[in-house]
Amino acid sequence: MDRHPLRRIIKACDQAISERNFDVLMNYYADDATLVIKPGMVVQGKEKIKQAFIAIAEHFHHQLTVEQGNIQVIEGGGDALVIMETVLHYPDSAGNTVTESRRATYVFRQYGAENWLCTIDNSYGTALLG
């Protein structure tokens with residue numbers, strides 16, 4: 001699993017989010033991708049996704065950092081379901097660092113041997129059911 005190209009791609013996405021480099025981040029999304037902003041709120045399309053990430057960064061006072069934990073990739077039919085631990089670090093209202101772990105689910109579509117684009121970004125995973 002460590003050699004799967006999605007691990008490298010997800011790490012690059014985490015870095016782009018942490019560095020607030022949303023132009024680079026959009027290189028990893030399909031044009032028709034969907035982002036779950038929070039339970040009950042989704043946006044579709046790269047421009048709206050970029051705007052959402054900018055608003056998320058502002059919400060966290062530009063101090064949100066993201067990293068990956070355990071990751072599992074299930075491939076089929078040119079798509080991949082990624083189930084992984086997403087670890088978020090951000091300041092609370094008192095300025096203390098909060099670390100939050102989510103069991104995220106993502107869907108990627110394959111374009112060529114090692115080029116994958118995210119089509120569904122759901123950092124909340126199955127927590128959407130609760």
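A brief look at the structure comes next. This one's a predicted model, so the numbers in the text were calculated from it and none came from an experiment. The residue numbering used here restarts from 1 in each chain and proceeds along that chain's sequence as written. Reporting in this predicted model follows two pLDDT cut-offs: at least 70 for local features of residues, and 80 or more for side-chain atom pairs to be given and counted; totals over whole chains, interfaces and linings ignore these cut-offs and use all residues. Note that the side-chain values use all heavy atoms of the structure and ignore hydrogens as well as water.

1. What to know about the environment of Leu6
Point 1. By the element assignment, Leu6 lies in helix H1 (residues 5-18).
Point 2. Placed 102 residues apart in sequence, Leu6 and Phe108 show a C-alpha to C-alpha distance of 8.5 Å.
Point 3. Note on contacts: a residue pair qualifies if any of its non-hydrogen atoms lie within 4.5 Å across the two residues. Leave out the neighbours within four places in its chain, and Leu6 touches Val73, Ala80, Val82, Phe108 and Trp116. Going along the chain from the N terminus, every DSSP run of H or I of four or more residues is numbered as a helix, and every run of E of two or more is numbered as a strand.

2. Some points on the state of the cysteines
Between two cysteines, a covalent bond joining their sulfur atoms is known as a disulfide.
Point 1. What counts as a disulfide here is a pair of cysteine sulfur atoms lying within 2.5 Å. The tally for this structure, following the rule as stated, stands at zero disulfides.
Point 2. With no disulfide of its own, Cys13 lies 7.1 Å from the sulfur of Cys118, the closest cysteine sulfur.

3. Quick word on the sheet that holds strand E4 (residues 79-91)
Point 1. Read across the open sheet, the six strands follow the order E2-E1-E6-E5-E4-E3; overall the sheet is mixed. Both outer strands of the open sheet, strand E2 (41-44) and strand E3 (65-76), are each paired with one neighbouring strand and no more. Each strand of the sheet is rotated relative to its neighbour by a mean of 25 degrees, with strand direction disregarded.
Point 2. Running at roughly 150 degrees to E3, H1 makes contact with E3, E4, strand E5 (97-110) and strand E6 (116-122) of the sheet.
Point 3. Contacts from helix H3 (residues 46-59) reach strand E1 (29-38), E2 and E6 within the one sheet, and its direction differs from that of E1 by about 35 degrees. The rule for pairing is simple: two strands pair if DSSP sees at least two bridges between them. Comment: axis = line fitted to C-alpha atoms, over the contacting stretch for helices; angle = value between 0 and 180 degrees taken between N-to-C directions.

4. Quick word on a nonpolar patch on the surface
Point 1. Side chains of Ile74, Leu81 and Ile83 sit close together on the surface and give an oily, nonpolar patch of about 230 Å² of accessible area.
Point 2. Following the sequence through the fold, Leu81 ends up in strand E4.
Point 3. Residue burial is assigned from relative accessible area. The probe radius is 1.4 Å, only protein chains are included, and a residue is buried under 20% of its type maximum, exposed over 50%, and partly exposed in between. Look at Leu81 and you get partly exposed, because its relative accessible area is 33%. Without a salt bridge and with relative accessible area above 30%, a residue can belong to a patch; like charges are then joined within 9 Å and nonpolar side chains (Val, Leu, Ile, Met, Phe, Trp, Tyr) within 5 Å. What sets the accessible areas is the Shrake-Rupley method with a 1.4 Å probe; for residues, cover comes only from the shown protein chains. By convention in these notes, a salt bridge is any Lys or Arg side-chain nitrogen within 4 Å of a carboxyl oxygen on Asp or Glu.

5. A closer look at the nonpolar core
Point 1. Only buried residues count toward a nonpolar core. Its members are Ala, Val, Leu, Ile, Met, Phe, Trp, Tyr and Cys residues joined through side-chain atoms within 4.5 Å. Core analysis: the largest hydrophobic core is formed by 34 residues, its most contacted members being Leu25, Phe53, Val82 and Phe108.
Point 2. Listing elements by their share of this core, those giving two or more residues are H1, helix H2 (22-25), E1, H3, E3, E4, E5 and E6.
Point 3. The element best represented in this core is H1, accounting for six residues.

6. Brief notes about the pairing of E3
Point 1. Of the strand pairs in this sheet, E3 and E4 are connected by 10 bridges, and their pairing is antiparallel. Looking across to E4, one finds that Val73 is bridged to Val82.
Point 2. Counting the residues in the hairpin turn of E3 and E4 gives two residues, including Gly77, whose phi is positive at 60 degrees.

7. Here we look at the side chain of Asp14
Point 1. Looking at where Asp14 falls in the secondary structure, it is placed in helix H1.
Point 2. Buried charge without a partner: Asp14 forms no salt bridge, and the closest opposite charge is Arg7, 8.3 Å away.
Point 3. Aside from chain neighbours lying at most four places away, what touches Asp14 is Val66, Glu67 and Gln68. Here the positive residues are Lys and Arg and the negative ones are Asp and Glu; neither His nor the chain ends is included.

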